[in-house]
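Topology and contacts: notes
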Amino acid sequence: MTRKIVLAYSGGLDTSVLLKWLQQKYDADIITVTLDVGQQEDLEKIEEKAKDLGALKHYSIDAKEEFAEKFIFPAIKANALYEDKYPVSTALSRPLIAEKLVEVAKKEKADAVAHGCSGKGNDQVRFEVSVKALAPDIEVIAPVREWNMTRDAEIKFAKENNIPIPVDVDKPYSVDQNLWGRSIECGVLEHPEIEPPEEVYEWTVSPEKAPNTPEYVTIKFEHGVPVSLNGDEMKSVDLIWSLNNIAGKHGVGRIDHIEDRLIGIKSREVYECPAATVIIDAHKDLEKLILTRHELLFKHEVDALWSTLVYNGLWIEPLRKDLDAFIDATQQYVCGKVRIKLYKGGLRVVGRSSPLSLYDLNLATYNIESRFDQSSSKGFIELWGLPTRMANVLRKLGENTYCQK
Ligand code: ARG
């Protein structure tokens, strides 16, 4: 019986070469799978291309809503920013793609899944940990890790096998995009001292060219997730897309940072994540209004751990779900509105309100009518400073004679 392999297929040159290569090398039937996670590509064209290149069958899966609600929403609740900067957009999509690959492999009785990730990045880890956890018996084939084909060799192979060469084949960049962001790598971007050229950006205008008047947006959150934009209730996918457009128009959401990849390499990463940048900033701000200082302090650590786990390919790790249990417990109160000002590449939260706000004007005001009894602070300071005061007095008494007889 001919072997069946399920291939994660993007329609790009790499996975198209893979599609042919797998057929030849393994003498196998290839079933291609493309997920729509909001990468804004023509799925019909991708399907046509897969079939032209000999795919036995093709699955086009619209996973936008699932991606938004099962992956992006938990990331919002966790204020997920890897190394304080990157909204883990690519990282979030990988476990979902892996899940669908496994589903198709089981349905089609395939014994292997294949992906086009290199051996240098995080994506191979994300795919394989998830696939192996969901289906320990399915083999994972990662040809790009083994074949060491140069770009020229790949183009030669493509020409020999009638694989269409994309028009932008000369562009040196490697791009991955979905609803939550766009990642751009390679070419001149590999020189961290050089400013990214304007041509790498597609979702955001340069701040210099952004409108001269600011724009305000109001996001309403319920239980930690955005439900309306400027008063319009919207479905998750529409809300995120609208915000990508609005913030992108103001040049908001460009990220340029040095990132620690899981496998130990430092890399310079450039992203455009307009909606993610705005939503996470707004969400963090709202949490400050609603959660206690103790909750905030602890959640800050939990959020960082959550982001690191997800970045490092451990979406499916039980600890992630354990952390989600804590996060969800806090998020039941995170309801309210946040007003944000977008202007020339910058964003600022300029207003927030919530029925569950812990802010009390009567306590906070410096006006005379405050309910706060200032005389109680005297005793508080006395006790609060007690250990610090004692230590200072004691240590000064000893002046350089510590521990001497
Ligand atoms: N450095 C980012 C990450 O690890 C972006 C990866 C982009 N992946 C890609 N196949 N182009 O999440």
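Our structure's up above, just so we're on the same page.
**Some points on the side chain of serine 267**
- Within the element layout of this structure, serine 267 appears in strand E12 (residues 266-272).
- Engagement of the side chain of serine 267 in a polar contact is seen with the side chain of arginine 261, the distance being 3.3 Å.
- Within the local environment of serine 267, its side chain forms a polar contact with the side chain of glutamate 269, the two groups lying 2.7 Å apart.
- Other than its neighbours up to four places away in sequence, serine 267 contacts His257, Ile258, Glu259 and Arg261.

**Looking at the pattern of salt bridges**
- Evaluated as defined, the whole model comprises 29 salt bridges.
- The salt bridge partner of lysine 4 is glutamate 108, with a shortest N-O separation of 3.8 Å. With lysine 4 in strand E1 (residues 4-8) and glutamate 108 in the loop between helix H4 (89-107) and strand E4 (112-114), this pair connects stretches of sequence that are 104 residues apart.
- With a shortest N-O distance of 3.2 Å, glutamate 66 and lysine 70 are connected by a salt bridge. Within this pair, glutamate 66 and its partner lysine 70 are both found in helix H3 (residues 64-77), separated by four residues, close to a single helical turn.
- Overall, the relative accessible area of 49% leaves lysine 70 in the partly exposed class.
- Counted as one network, the salt bridges with shared partners bring together Arg94, Asp123, Arg126 and Asp176.

**Things to note about the sheet that holds strand E5 (residues 139-141)**
- Strand order in the open sheet formed by five strands is E3-E2-E1-E4-E5, and the pairing between neighbours is parallel. This sheet does not close on itself; its edge strands, each paired only once, are strand E3 (57-62) and E5. In this sheet, adjacent strand axes meet at a mean angle of 25° when their direction is disregarded.
- Here three bridges tie E1 to E4, and the two strands are oriented parallel to one another. Its bridge partner being in E4, isoleucine 5 is matched across the sheet by alanine 112.
- Packing against the sheet, helix H2 (residues 43-52) makes contact with strand E2 (29-36) and E3, and its axis sits at approximately 165° to E3.
- Here H4 sits on the sheet and contacts E1, E2, E3 and E4; the angle it forms with E2, its principal contact strand, is near 145°.

**Notes on the site of the ligand**
- The ligand sits among 15 residues. The nearest are Tyr86, Asn122, Asp123, Arg126 and Glu259.
- The contact in question runs from an oxygen atom of the ligand to an N or O atom on the side chain of asparagine 122, over 2.7 Å.
- Here a nitrogen atom of the ligand and a side-chain polar atom of aspartate 123 are 2.9 Å apart.
- A total of 350 Å² of accessible area belongs to the ligand in isolation, and the protein chains cover 88% of it.
- Ranked by the residues each element gives to the shell around the ligand, the list is headed by H4, at three residues.
- Here the shell around the ligand is composed, by residue class, of four nonpolar, four polar and seven charged.

**With respect to the environment of lysine 4**
- Take lysine 4: its relative accessible area is 25%, and that puts it in the partly exposed class.
- When the C-alpha positions of lysine 4 and glycine 224 are compared, they lie 43 Å apart, and in sequence the two are 220 residues distant.
- Look past the residues within four positions of lysine 4 in its chain and what remains in contact with it is Asp29, Ile31, Leu56, Glu108, Ala110, Asp111 and Ala112.
- One polar contact links the side chain of lysine 4 to the main-chain carbonyl oxygen of glutamate 108, over a distance of 3.0 Å.

**Concerning helix H5 (residues 123-134)**
- Between the first and last C-alpha of H5 there are 17 Å, a value that for 12 residues agrees with the 16 Å anticipated at 1.5 Å per step.
- Those residues of H5 that fall on the buried side of the exposure criterion are Gln124, Val125, Arg126, Phe127, Glu128, Ser130 and Val131.
- On its buried face, H5 is in contact with H4, E4, E5, helix H6 (143-147) and helix H10 (293-311).

**Observations regarding the packing of helix H1 (residues 13-26) against helix H7 (residues 151-160)**
- Axis separation between H1 and H7 bottoms out at 10 Å; the angle between their running directions is 65°. Here H1 and H7 pass one another in a crossing that is left-handed. Seen from H1, the contacting residues are Leu13, Asp14, Val17, Lys20, Trp21 and Gln24; seen from H7, they are Arg151, Glu154, Ile155, Phe157 and Ala158.

**With respect to the sheet that holds E12**
- An order of E6-E7-E12-E11 is seen for the four strands of this open sheet, with the pairing classed as antiparallel. Each edge of the open sheet carries a strand with a single partner, namely strand E6 (174-178) and strand E11 (254-260). Sheet twist, expressed as the mean angle between neighbouring strand axes with direction ignored, is 25°.
- Strand direction decides the pairing type here: E11 and E12, joined by seven bridges, are antiparallel. Bridge pairing in E12 places isoleucine 255 opposite tyrosine 271.

Calculation criteria
- Residues numbered from 1 in each chain as written.
- Predicted model: local features only at pLDDT ≥ 70, side-chain atom pairs only at ≥ 80, totals over all residues.
- Heavy atoms only, no water.
- Helix = DSSP H or I, 4+ residues; strand = E, 2+ residues; numbered from the N terminus.
- Polar contact = N/O pair within 3.5 Å; in protein donor to acceptor, adjacent residues only side chain to side chain.
- Contact = heavy atoms within 4.5 Å.
- Salt bridge = Lys/Arg side-chain N within 4 Å of Asp/Glu carboxyl O.
- Buried < 20%, exposed > 50% of the residue type's maximum accessible area, 1.4 Å probe, protein only.
- Pairing = 2+ DSSP bridges.
- Axes fitted to C-alpha atoms, helices over the stretch in contact; angles between N-to-C directions.
- Near = heavy atom within 4 Å.
- Areas by Shrake-Rupley, 256 points an atom, 1.4 Å probe, with all protein chains shown as cover.
- Nonpolar A, V, L, I, M, F, W, Y, C, P; charged D, E, K, R; others polar.
- Expected span 1.5 Å × (residues − 1).
- Left-handed = near helix turned anticlockwise from the far one by under 90°.

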